[in-house]
Amino acid sequence: VMLENGLMVRYNGINTPELGHFVKDAAPLAKVATARNIELVEGKRIRLRLAREPLDQHGRVIAHVSVVPEGSAATPETEVGALMIKEGLAKVMGLGLSKEEYAALKKLEDDARATKAGIWGLEEQLRAAARKPYCAAEGGKVYHLELCPSAKNIHARNLHEYDTIEQAEAAGLQPCSKCVPK
């Protein structure tokens, strides 16, 4: 989130698919997550609750971000990071969270995973299109979701496809940190 004063805020305790500020290519669902974040916060009044370590290595403020409802004080604030996790558009990242905060967010992530929301449903979407969801380059060490920008750079003659994460890992491969929701 960029505040009116130009400060950049990073959500505390969550990680969303990267769009391109710190990576070359956007991760699967990065544009969806970005659009949803904009929908939730742009032009709205927000409240920040600073993290214990309020600045990251890139100079961004780290905070929990809540949207303050207009009008009725009886309407609760919406914690945006938690909502993004619940919708499957973010994963929990334990840095800077208390055990209680981590447990609450992890429960939301587990629920999203169980219902195959957002990033947790990408594998099923690929299966529905009759495609093997995972792939790796011959001689490579990392496997990707077929939708990953890194996977799109693998030449067809070097492409190995896998039906499951277990098959890819049985072949000695590690998951891509950008695209494989683990």
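See the structure shown above.
Because the structure is predicted, anything quoted here is derived from the model rather than measured.

Trainee: Quick question: what am I supposed to make of the overall build of the chain here?
Mentor: A tally of helices and strands in the chain yields six helices and 10 strands. The burial tally for the chain puts 37% of its 182 residues in the buried class. Of the contacts made within the chain by residues no fewer than 6 positions apart, 55% connect residues no fewer than 24 positions apart. Summing over all exposed atoms, the chain offers an accessible surface of approximately 10700 Å²; the carbon and sulfur share of this is 54%. Positive and negative side-chain charges of the chain, numbering 25 and 24 respectively, have mean locations separated by a distance of 2 Å.

Trainee: Would you mind going over the sheet that holds strand 7 (residues 134-137) with me for this structure?
Mentor: Adjacent strands of a sheet pair through backbone hydrogen bonds, lying either parallel or antiparallel. Strands sit in the order 9-7-8-10 across an open sheet of four strands; the sheet is mixed. Edge positions in the open sheet fall to strand 9 (159-162) and strand 10 (174-175), since each of these has one partner strand only. Two elements, strand 7 and strand 9, share four bridges in a ladder whose sense is antiparallel. Across the sheet, Ala 136 pairs through a bridge with His 160, a residue of strand 9.

Trainee: Where do I start with the packing of aromatic side chains in this structure?
Mentor: To describe a pair of aromatic rings, you give the distance between the ring centres and the angle between the ring planes. Evaluated as defined, the whole model comprises one aromatic pair. Above the plane of the ring of Trp 120 lies Arg 113, whose end atom (NZ or CZ) is 4.1 Å from the centre.

Trainee: Is there a simple way to think about the pairing of strand 4 (residues 61-67) in this case?
Mentor: In the case of a regular strand, side chains alternate between the two sheet surfaces. Extensive coverage of strand 4 is indicated by the burial of seven of its seven residues. Residues Val 61, Ala 63, Val 65 and Val 67 of strand 4 are buried on one face, and the alternating residues Ile 62, His 64 and Ser 66, pointing to the opposite face, are buried as well. Sheet analysis places strand 1 (residues 9-11) next to strand 4, joined by three bridges and oriented parallel. Of the residues in strand 4, the one forming a bridge with Tyr 11 is Ala 63. Hairpin remark: strand 3 (residues 46-55) followed by strand 4, antiparallel, with five residues in the connecting loop; positive phi at Gly 59, about 80 degrees. Where strand 4 meets strand 5 (residues 78-79), two bridges bridge the pair, whose relative direction is antiparallel. Across the sheet, residue Ser 66 finds its bridge partner in strand 5, namely Glu 79.

Trainee: Teacher, can you tell me more about helix 1 (residues 30-41) here?
Mentor: Quick reminder: α-helices carry 3.6 residues per turn. Residues three or four places apart thus point the same way. With 12 residues, helix 1 extends 17 Å between its outermost C-alpha atoms, agreeing within 8% with the 16 Å of an ideal straight helix rising 1.5 Å per residue. All of the buried residues in helix 1 are Ala 30, Ala 33, Arg 36, Asn 37, Leu 40 and Val 41. Down the axis of helix 1, the buried side of the element spans an arc of 130 degrees, and every buried residue falls inside it. Looking at the buried residues of helix 1, the elements they touch are strand 1, strand 3, strand 4 and helix 2 (80-86). One or two residues past the end of helix 1 sits Gly 43, with phi positive at roughly 75 degrees.

Trainee: Just to check I follow, could you spell out unusual backbone geometry for this structure?
Mentor: Among all residues except glycine, the phi angle is most often negative; among peptide bonds, the trans geometry is most common. Positive phi outside glycine occurs at Lys 116, with the angle close to 60 degrees. Here Lys 116 is to be found in the loop between helix 3 (99-114) and helix 4 (122-128).

Trainee: Is there a simple way to think about the environment of Tyr 134 in this case?
Mentor: Among the structural elements, Tyr 134 can be located in strand 7. Judged by its relative accessible area of 2%, Tyr 134 is buried. Sequence separation of Tyr 134 and His 155 is 21 residues, and the distance between their C-alpha atoms is 15 Å. Once you skip the residues sitting within four places of it in the chain, Tyr 134 turns out to touch Glu 123, Tyr 143, His 144, Leu 145, His 160, Glu 161, Tyr 162, Asp 163, Thr 164 and Ile 165.

Trainee: Hey, could you run me through helix 3 in this one?
Mentor: Taking 1.5 Å as the rise per residue, helix 3 with 16 residues should run 22 Å; its terminal C-alpha atoms sit 22 Å apart, in good agreement. If you check which residues of helix 3 are buried, you get Leu 105, Glu 109 and Ala 112. The buried residues of helix 3 occupy an angular sector of 55 degrees when projected down its axis, which confines them to one face. Residues Lys 99, Glu 100 and Ala 114 are exposed on helix 3 and point more than 90 degrees away from its buried face. If you follow the buried residues of helix 3, they end up packed against helix 2 and strand 6 (91-92). Of the residues trailing helix 3, Lys 116 is marked for its positive phi of about 60 degrees.

Here is what the cut-offs are and how they apply
Residues numbered from 1 in each chain as written. Predicted model: local features only at pLDDT ≥ 70, side-chain atom pairs only at ≥ 80, totals over all residues. Heavy atoms only, no water. Helix = DSSP H or I, 4+ residues; strand = E, 2+ residues; numbered from the N terminus. Buried < 20%, exposed > 50% of the residue type's maximum accessible area, 1.4 Å probe, protein only. Contact = heavy atoms within 4.5 Å. Areas by Shrake-Rupley, 256 points an atom, 1.4 Å probe, with all protein chains shown as cover. Lys, Arg positive; Asp, Glu negative; His and termini not counted. Charge placed at Lys NZ, Arg CZ, Asp CG, Glu CD. Pairing = 2+ DSSP bridges. Phe/Tyr/Trp six-rings, centres within 6.5 Å; stacked < 30°, edge-to-face > 60°. Lys NZ or Arg CZ within 6 Å of the ring centre and 35° of its normal. Expected span 1.5 Å × (residues − 1). Arc of directions from axis to C-beta.

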